[in-house]
Amino acid sequence: MADDAAQSSTVNVQAELTPQVFEMLKELAQRRGLDANTVLQQAITTEKLLSDNVGVNDEVLIRKPDASYSRVLFDRKA
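Residue positions are given per chain, counted from 1 along the sequence in the order it is written. A pLDDT threshold of at least 70 governs which residues receive local features in this predicted model, and a stricter bar of 80 or more applies before side-chain atom pairs are shown or counted, although totals over entire chains, interfaces and linings include all residues. Side-chain calculation: all heavy atoms of the structure are included, whereas hydrogens and water are not.

(A) Broad picture of the overall build of the chain. A count of helices and strands for the chain gives 3 helices and 2 strands. Three labels apply to residues, based on accessible area from a 1.4 Å probe with only protein chains included: buried if under 20% of the type maximum, exposed if over 50%, partly exposed otherwise in between. Burial statistics for the chain: of 78 residues in total, 8% are counted as buried. For the chain, the share of sequence-separated contacts (at least 6 apart) that also reach a separation of at least 24 residues comes to 11%. Total accessible area on the chain stands at roughly 7,100 Å², and carbon and sulfur atoms take up 53% of it. Counting from the N terminus, the helices are DSSP H or I runs at least four residues long and the strands are E runs at least two residues long. For this analysis, residues touch if any pair of their heavy atoms sits within 4.5 Å. All accessible-area figures derive from a Shrake-Rupley calculation using a 1.4 Å probe, and residue coverage is judged against the displayed protein chains alone.

(B) Representation of the confidence of the model for the chain within the structure. Averaged over all residues, the pLDDT of the chain equals 87, while 87% of them reach at least 70. pLDDT measures the predictor's confidence residue by residue and takes values from 0 up to 100. The secondary structure element of the chain with the lowest average pLDDT is helix α1 (residues 2-8), at 57, and the one with the highest is helix α2 (residues 19-32), at 97.

(C) How the structure looks around the pattern of salt bridges. Each salt bridge in this description consists of a side-chain nitrogen of Lys or Arg and a carboxyl oxygen of Asp or Glu lying within 4 Å of one another. As enumerated under the stated definition, the model contains 4 salt bridges in all. The salt bridge partner of Glu23 is Lys26, with a shortest N-O separation of 3.0 Å. In this pair, Glu23 and Lys26 are both assigned in helix α2, 3 residues apart and thus about one turn of the helix distant. Of the charged contacts, one joins Asp52 and Lys48 as a salt bridge, the two residues approaching to 2.7 Å between their closest N and O atoms. With a gap of 4 residues between them, Asp52 and Lys48 both fall in helix α3 (residues 36-53), about one helical turn apart.

(D) Just the environment of Ala43, in detail. Topologically, Ala43 is positioned in helix α3. Taking the relative accessible area as the measure of exposure, Ala43 reaches 44% and is therefore partly exposed.

This is how it looks when you write it as structure tokens:
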């Protein structure tokens, strides 16, 4: 399978995080039952999706199960 081959080839990366961001990473990993590496991969993938699709004046809406919406604004530069 192509996905398995892509995932087996990895690159080691070192990142410097503030203590607050590191705590957020650990909390997300624990909440999702995942390791920190997987959470970082998901965050990068999500940021890429947003970067490719959210413009300077765009908004992202989150529809909740009760049919209410939350609006998310990002500080995107042109």
